[in-house]
Amino acid sequence: AREAIEASDAAKCPSALAQLAGMKKVQQLLAEPQHLRRYVPDALKAEDLERSFARMGDPSASEDACVRAALADPGSWVLKPQVEGSGALLFDEDVAKALRSKTAEELAEFILMERIVPP
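Predicted model only: the values in this text are computed from it and were never measured.

This paragraph deals with helix α7 (residues 93-101). When we look at burial in α7, the residues that qualify are Val95, Ala96, Ala98 and Leu99. The arc enclosing the buried residues of α7, seen along the axis, measures out at 165°, which places them on a common side. Exposed residues pointing more than 90 degrees away from the buried face of α7 are listed as Glu93, Lys97, Arg100 and Ser101.

Shown next as structure tokens:
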């Protein structure tokens with residue numbers, strides 16, 4: 001049935017699993033070893049994956065280690081909205097300002113992610 005749908009001119013959307021995998025909150029949870037190992041039980045494979053992930057945290061949890069690190073060095077972090085492709089990313093001092101001024105409810109709409117800087 002999937003092949004027939006793909007071959008048709010009908011509008012298509014990804015499967016629910018593919019849609020979930022693109023959500024920042026799911027990515028954040030899978031970057032945590034206890035959640036990743038639920039789906040990747042092979043310890044060596046899980047460790048290889050863990051080394052490739054940027055650190056991510058919940059900005060609404062003030063006790064989160066990522067939040068403390070972002071407040072100390074906001075230039076090394078980015079605050080990303082849950083909505084894919086929204087373009088409303090916050091960088092540098094805007095990260096610290098948002099962490100200090102937004103409510104926990106407002107911050108729950110974001111993921112705090114270690115900034116990836118190319119070599």
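Now that the structure has been shown, we can carry on.
Membership of the largest hydrophobic core is limited to 12 residues, which are Cys66, Val67, Ala70, Trp77, Leu79, Leu90, Val95, Ala98, Leu99, Leu107, Phe110 and Leu112. Mapped by element, the contributors of at least two residues to this core are α6 (65-72), β2 (77-81), α7 and β4 (110-114). Discounting residues that sit within four places of it in the chain, Ala98 has contacts with Leu79, Leu90 and Leu107. One finds Met56, Val78, Ile111 and Met113 within the second-largest nonpolar core, a separate group that totals six residues.

Here is what the cut-offs are and how they apply
- Residues numbered from 1 in each chain as written.
- Predicted model: local features only at pLDDT ≥ 70, side-chain atom pairs only at ≥ 80, totals over all residues.
- Heavy atoms only, no water.
- Buried < 20%, exposed > 50% of the residue type's maximum accessible area, 1.4 Å probe, protein only.
- Helix = DSSP H or I, 4+ residues; strand = E, 2+ residues; numbered from the N terminus.
- Arc of directions from axis to C-beta.
- Core = buried A, V, L, I, M, F, W, Y, C linked by side-chain atoms within 4.5 Å.
- Contact = heavy atoms within 4.5 Å.

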